[in-house]
Amino acid sequence: VNAGFSWSLNPSTHTIEGSPSPSIVFGGLQAHAVHATKTEAYMVGKSLTDPATLQGAMKVLQEELVATTVPPESSESYRLSLAYGLFYKFYLASIPDHISDRVKSAAG
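Quick caveat: nothing in here was measured; it's all calculated off a predicted structure.

### Quick look at the sheet that holds strand 3 (residues 34-35)
Strands sit in the order 1-2-3 across an open sheet of 3 strands; the sheet is antiparallel. Two strands in the sheet have a free side with no partner beyond their single neighbour: strand 1 (2-6) and strand 3. In terms of strand pairing, strand 1 meets strand 2 (residues 23-27) through 5 bridges, oriented antiparallel. Of the residues in strand 2, the one forming a bridge with Gly4 is Val25.

### Some details on the environment of Gly85
Counting through the fold element by element, Gly85 comes out in helix 3 (residues 76-93). Each C-alpha atom of the pair Gly85 and Val60 lies 14 Å from the other, and the pair is 25 residues apart in sequence.

### Looking at the packing of aromatic side chains
Counted according to the given criterion, the structure contains 7 aromatic pairs. Centroid distance Phe5 to Phe90: 5.0 Å. Interplanar angle 15°. Geometry classified as stacked. Here Phe90 lies in helix 3 and Phe5 lies in strand 1, a separation of 85 residues in the sequence. Here Trp7 and Phe87 contribute two aromatic rings whose centre-to-centre distance is 6.1 Å and whose plane-to-plane angle is 85°, an arrangement assigned as edge-to-face. Separated by 80 residues along the polypeptide, Trp7 in the loop between strand 1 and strand 2 and Phe87 in helix 3 bring together distant segments of the chain. Here Trp7 matches Phe87 in class, with each residue buried. Taken together, the ring pairs in this structure connect Phe5, Trp7, Phe26, Phe87, Phe90 and Tyr91 into an aromatic cluster. In this structure, Lys46 is placed above the aromatic ring of Tyr42, and the distance from its NZ or CZ to the ring centre is 4.2 Å.

### Here's the deal with the packing of helix 2 (residues 51-64) against helix 3
Orientation of helix 2 relative to helix 3, taken along the N-to-C sense of each, is 155°, at an axis distance of 11 Å. It follows that helix 2 is roughly antiparallel to helix 3 by the angle criterion. Handedness of the crossing formed by helix 2 with helix 3: right-handed. Residue-level inspection shows Thr53, Leu54, Ala57, Met58, Leu61 and Gln62 of helix 2 in contact with helix 3, the latter providing Tyr84, Phe87, Tyr88 and Tyr91. Here the residues of the contact of helix 2 with helix 3 are counted per class, giving 8 nonpolar, 2 polar and no charged.

Here is what the cut-offs are and how they apply
- Residues numbered from 1 in each chain as written.
- Predicted model: local features only at pLDDT ≥ 70, side-chain atom pairs only at ≥ 80, totals over all residues.
- Heavy atoms only, no water.
- Pairing = 2+ DSSP bridges.
- Helix = DSSP H or I, 4+ residues; strand = E, 2+ residues; numbered from the N terminus.
- Phe/Tyr/Trp six-rings, centres within 6.5 Å; stacked < 30°, edge-to-face > 60°.
- Buried < 20%, exposed > 50% of the residue type's maximum accessible area, 1.4 Å probe, protein only.
- Lys NZ or Arg CZ within 6 Å of the ring centre and 35° of its normal.
- Axes fitted to C-alpha atoms, helices over the stretch in contact; angles between N-to-C directions.
- Parallel < 35°, antiparallel > 145°, perpendicular 65-115°, else oblique.
- Left-handed = near helix turned anticlockwise from the far one by under 90°.
- Contact = heavy atoms within 4.5 Å.
- Nonpolar A, V, L, I, M, F, W, Y, C, P; charged D, E, K, R; others polar.

See below:
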């Protein structure tokens, strides 16, 4: 599983801006890249320092992403867990000065 992420973050409010639009794309879940458009739309206007933003984004992402069986790839559930982990890592890396020491290693 691989991923590409891009969003414009307001440096003073840590809010995702709508222009340019956020981009969240995953490879290795299906035969073609998966563009998480519902999650992108959810993120616009949300503050990354608000814990509810991460919870909501993960919920939308889990509802949106679907992995298909592509032998000899790993199981669908394993590949989905990798995708969620990549998103979590990028999310935390976007706000390194605002995360607790408990989760800092996940951002690195």
